[in-house]
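What follows is the residue order along each chain.
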Amino acid sequence: MSRLVLLGPPGAGKGTQAKLLSERLGVPAISTGDIFRANVARGTELGRTAQRYMDAGEYVPDAVTNAMVRDRLAQPDAAEGFILDGYPRTTDQVRELDEMLAGSGAKLDRVLEITADPEELVRRLTRRAGIEGRSDDTEDVVRTRQQVYLEQTAPLVSTYAERGLLRSVDGLGEVPAVTARLLDALASDAG
Ligand code: ADP
C-alpha cells in the first residue's frame, strides 16, 4: 500500500503532508516542484527550462517533466514505494506514469486528494510568499496556478475515482489532523 499519489490544488498542503507520510510509511516523497526548484538553484539546463514556466504559473512541458520523473522513479529507493507530490498533473502524465509502473510490474495503490477552499488557498500562498520567498507565490501567479489546476489537473480526480483509487480528504485544519485523515483514508477500503 505504498505507491501513492497526492492530488490537490496549489497550497492544499501536499508538500507538507508528503514529507510527513514519507516518515510514517518509510518511502520517499518525490516532489516535482522541489526537483525543479533544486535545479533552478543549481543553475542546471533543466532549471533554466523550468523556471520560465514556473514563474508564469504554467506547467513545465510534459516531455521535460515525464523524463525527469522516469529517472527519479528508477532510483533504488523508490523500488518498494513512493509518494508522488505534484505528479501526475495532466492526462498525458497519467498515461506516462501508467507506462513507467507497468514497465516494472508495479501499480498505484492509492491517490489521495487533499481538498480546500480556494480563497483560503490564496491566503496561505501569499502568506508563504512572505516566509519562503517563492517567486511563484505572488497573488497574480497564484491565481494563474489555480486556473491551470482547474483546467488541467482537476479532471484527474475523476480519472482516478473511476479506477477506484481515489480517496478525498479535507485539507483544512491543523497539519497533524490532516495527516491523521490521510492515514485513515489509506487504511480504509471504501471511498
Ligand atoms: P504548487 O502545488 O504549490 O503549485 P509545486 O511546487 O508542486 O507547487 O509546483 C510549482 C511549479 O512547478 C508548478 O507551477 C509548475 O510550473 C511546476 N511543476 C511541478 N510539477 C509539475 C508537473 N507535474 N508538470 C508540470 N509542471 C510542474
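Structure shown above.
Residues numbered from 1 in each chain as written. Predicted model: local features only at pLDDT ≥ 70, side-chain atom pairs only at ≥ 80, totals over all residues. Heavy atoms only, no water.

Formed by 21 residues in total, the largest nonpolar core has its most connected members in L73, L97, L108, V111 and Y160. Breaking this core down by element, the ones donating at least two residues are β1 (3-7), α4 (62-73), β3 (82-85), α5 (91-103) and α8 (155-162). The element contributing the most residues to this core is α5, with four residues. With residues up to four places along the chain from it excluded, the contact list for L108 reads R3, V5, F82, L97, L101, Y160 and L165. (Core = buried A, V, L, I, M, F, W, Y, C linked by side-chain atoms within 4.5 Å. Buried < 20%, exposed > 50% of the residue type's maximum accessible area, 1.4 Å probe, protein only. Helix = DSSP H or I, 4+ residues; strand = E, 2+ residues; numbered from the N terminus. Contact = heavy atoms within 4.5 Å.)

Bringing the site of the ligand into the picture now. Taken together, 20 residues sit near the ligand, with T32, E58, G86, R89 and R145 positioned nearest. Between the ligand and K14, the relevant distance is 3.2 Å, taken from an oxygen atom to a side-chain nitrogen or oxygen of the residue. Separating an oxygen atom of the ligand from a side-chain N or O atom of R37 is a distance of 2.8 Å. Alone, the ligand offers 550 Å² of accessible surface; in the complex the protein occludes 96% of this. The element that contributes the greatest number of residues to the shell around the ligand is helix α2 (residues 32-42), accounting for four residues. Looking at side-chain class alone, the shell around the ligand contains six nonpolar, six polar and eight charged residues. (Near = heavy atom within 4 Å. Polar contact = N/O pair within 3.5 Å; in protein donor to acceptor, adjacent residues only side chain to side chain. Areas by Shrake-Rupley, 256 points an atom, 1.4 Å probe, with all protein chains shown as cover. Nonpolar A, V, L, I, M, F, W, Y, C, P; charged D, E, K, R; others polar.)

Residues of β3 alternate between two faces, with F82 and L84 on one and I83 and D85 on the opposite face, all of them buried. Two elements, strand β2 (residues 29-31) and β3, share three bridges in a ladder whose sense is parallel. Bridged to A29 within β3 is I83. (Pairing = 2+ DSSP bridges.)

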